[in-house]
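A structural walkthrough
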Amino acid sequence: MTKLTEEACVTGPGRVHRLAAEEITALLPLVPQWTLENGRLVRLFRFGDYSSTLAFVNASAWISENENHHPELTVNYGRCQVAYSTHDCDGLSRNDFICAAKLDQLFEHQQGLTFPPI
Ligand SMILES: C[C@H](O)[C@H](O)[C@H]1CNC2=NC(N)=NC(=O)C2=N1
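These remarks concern the structure in this document. Predicted, not measured: the structure shown is a model, and the values here were computed from it. (Residues numbered from 1 in each chain as written. Predicted model: local features only at pLDDT ≥ 70, side-chain atom pairs only at ≥ 80, totals over all residues. Heavy atoms only, no water.)

1. What about the site of the ligand?
Put simply, the test is: Proximity criterion: a residue is near a molecule or strand once any of its heavy atoms comes within 4 Å of it. For the purposes of these results, a polar contact is taken to be a pair of N or O atoms within 3.5 Å, where, inside protein, one atom must be able to donate a hydrogen and its partner to accept one; residues adjacent in sequence count only when each atom of the pair is a side-chain atom. Using a 1.4 Å probe, accessible areas were evaluated by the Shrake-Rupley method; residue-level cover was limited to the displayed protein chains. Here the term charged refers only to Asp, Glu, Lys and Arg, the term nonpolar to Ala, Val, Leu, Ile, Met, Phe, Trp, Tyr, Cys and Pro, and the term polar to all other amino acids, Gly among them.
Near the ligand you find Thr11, Gly12, Asn68, His69, His70, Ser85, Thr86, His87 and Asp88, and these make up its full shell. At 2.8 Å from a nitrogen atom of the ligand is found a main-chain nitrogen or oxygen belonging to His70. For the ligand, the accessible surface in isolation is 390 Å², of which the surrounding protein chains cover 74%. Residue composition of the shell around the ligand, by class: no nonpolar, 8 polar and 1 charged.

Okay, structure coming up:
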């Protein structure tokens, strides 16, 4: 199996496979920080300040546009909840797990960045 972060989403009506429960169960360990909530794949990312939160939101938007796969975002000071589901199959698809893995990678990269005080 390839690494989820190295895969690209396959999108568009009729082109997306709706994952069965056992397929979801097999994929969840690959994104251990995410949980299933009301049929969506969800993770709460936390940040030290608002500008870091928005930096993540904007960087995640690049990934969403690049993959043509978009999450629900709930943004507050220091927090961004990301919730994936796939409208094209009215459930979860591999696209949700691919993008979740890419956001995990983005978050880890951002944590390693330090900016000089302005
Ligand atoms: C036509 C285009 O492929 C679809 O509208 C894309 C856009 N972004 C999407 N995002 C999500 N989460 N699910 C989709 O099914 C989806 N489909």
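2. Here's the deal with the packing of aromatic side chains
Just so we agree on the cut-off: Each pair of aromatic rings taken from Phe, Tyr and Trp, with Trp reduced to its six-membered ring, is defined by centres within 6.5 Å and is described as stacked if the planes are under 30 degrees apart, edge-to-face if over 60, and tilted in the remaining cases. We count a stretch as a helix when DSSP gives it H or I for four or more residues in a row; a strand needs E for two or more, and each element gets its number in order from the N terminus. The buried label goes to any residue with under 20% of its type's maximum accessible area, the exposed label to any with over 50%, and the partly exposed label to all in between, with areas taken from a 1.4 Å probe on protein chains only.
Within this structure, the stated rule accounts for 8 aromatic pairs. Here Phe45 and Phe56 contribute two aromatic rings whose centre-to-centre distance is 4.7 Å and whose plane-to-plane angle is 40°, an arrangement assigned as tilted. Taken together, the residues span a long stretch of sequence, with Phe45 in strand E2 (residues 40–46) and Phe56 in helix H2 (residues 50–67) at a distance of 11 residues. Here the two residues Phe45 and Phe56 agree in accessibility, since each one is buried. Between Phe47 and Phe107 the ring centres are 5.4 Å apart and the planes differ by 85°, which places this aromatic pair in the edge-to-face class. With Phe47 in the loop between E2 and H2 and Phe107 in helix H3 (residues 94–111), this pair connects stretches of sequence that are 60 residues apart. The class for Phe47 is buried, based on a relative accessible area of 12%. The class of Phe107 is buried, set by a relative accessible area of 12%. Through a chain of ring-to-ring contacts, three or more aromatic side chains come together here, namely Trp34, Phe45, Phe47, Phe56, Tyr84 and Phe107.

3. Digging into the sheet that holds strand E4 (residues 79–84)
Defined as follows: A pair of strands is labelled paired if DSSP reports no fewer than 2 bridges between them. Note on geometry: axes are lines fitted to C-alpha atoms, helical ones only across the stretch in contact, with angles between N-to-C directions running from 0 to 180 degrees. In this description, contact between two residues means that some pair of their heavy atoms is separated by no more than 4.5 Å.
The strand order E1-E2-E4-E3 describes an open sheet built from 4 strands, whose pairing is antiparallel. The open sheet terminates on both sides in strands that have one partner only, identified here as strand E1 (35–37) and strand E3 (72–76). Across the sheet, the mean angle from the axis of one strand to that of its neighbour is 30°, orientation sign disregarded. When E2 meets E4, the two strands line up antiparallel, connected through 6 bridges. Across the sheet, the residue bridging to Val42 is Ala83, located in E4. Running over the sheet, H2 touches E2, E3 and E4 and is turned about 165° from E3.

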